[in-house]
Amino acid sequence: GVGRAGDTVSLKTPFEPGDILYGKLRPALRKVLRAPFCGVATTEILAVHPREASDVAFIHHVLHSDDVLTWALQGAEGTKMPRTSGERLS
């Protein structure tokens, strides 16, 4: 049958400028970025959408911190390509 693009379900996450992108794959590399443009993140990226009153620089700093790194590594699964879960980071 024929369907519409809007009928599909995707695990990918749209993001906007100013959102914070956190790389779940190999969390030890601390891949945290404030998005400079709109886009769609793969399932390996957690897109954090700060609320209006949020301090985006502070959220970026926290996600890049040793405490978050330790938490992410404790829950990482896989040996060659360890990844943490978005649920754990939430």
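Every value quoted in this text rests on a predicted model; they were computed, and no experiment measured them.

Visitor: How would you summarise the environment of Leu69 if you had to cite specific residues and measurements?
Guide: Here Leu69 shows up in helix α2 (residues 66-74). Each C-alpha atom of the pair Leu69 and Leu29 lies 9.1 Å from the other, and the pair is 40 residues apart in sequence. Residues in contact with Leu69, not counting those within four places in the same chain, are Pro27, Ala28 and Arg30.

Visitor: Tell me about α2, and please be specific about residues and values.
Guide: All of the buried residues along α2 are Val68, Leu69 and Ala72. End-on, the buried residues of α2 take up no more than an arc of 100°, which puts them together on one face. Residues of α2 that are exposed and angled more than 90 degrees away from the buried face: Asp66, Asp67 and Gln74. The elements touched by buried residues of α2 are β2 (20-23), α1 (56-63) and α3 (86-89).

Visitor: Explain the packing of aromatic side chains residue by residue, including any values.
Guide: Aromatic ring pairs are defined here through the distance separating the ring centres and the angle between the ring planes. Counted according to the given criterion, the structure contains one aromatic pair. With 6.1 Å between their ring centres and 50° between their planes, Phe15 and Phe37 make a pair best called tilted. In this pair, Phe15 sits in strand β1 (residues 13-15) while Phe37 sits in the loop between β3 (32-34) and β4 (39-41), placing the two residues 22 residues apart along the sequence.

Visitor: Please give an account of the pattern of salt bridges that cites residues and values.
Guide: Applying the stated criterion to the full structure yields two salt bridges. The salt bridge involving Glu44 is made with Arg83; its shortest N-O contact spans 3.0 Å. Of the two residues, Glu44 sits in the loop between β4 and β5 (45-48) while Arg83 sits in the loop between α2 and α3, which places them 39 residues apart along the sequence. Overall, Arg83 belongs to the partly exposed group, its relative accessible area being 34%.

The rules we used
For every chain, the first residue of the written sequence is number 1, and numbering continues from 1 onward in sequence order. Given that this is a predicted model, residues contribute local features only at a pLDDT of at least 70 and side-chain atom pairs are listed and counted only at 80 or more, while totals for whole chains, interfaces and linings are drawn from all residues. Excluded from the side-chain calculation are hydrogens and water; included are all heavy atoms of the structure. Secondary structure is summarised from DSSP: a helix means a run of H or I of at least four residues, a strand means a run of E of at least two, and numbering begins at the N terminus for each. Only heavy atoms enter the contact rule, under which two residues are in contact if any of them lie within 4.5 Å. Exposure classes here rest on a 1.4 Å probe applied to the protein chains alone. A residue is buried below 20% of its type maximum, exposed above 50%, and partly exposed in between. Along the arc lie the directions from the helix axis toward the C-beta atoms. In this analysis, rings of Phe, Tyr and Trp, with Trp reduced to its six-membered ring, are considered paired at centre separations within 6.5 Å, and the interplanar angle assigns stacked below 30 degrees, edge-to-face beyond 60, and tilted for intermediate values. A pair is scored as a salt bridge if a Lys or Arg side-chain nitrogen falls within 4 Å of a carboxyl oxygen belonging to Asp or Glu.

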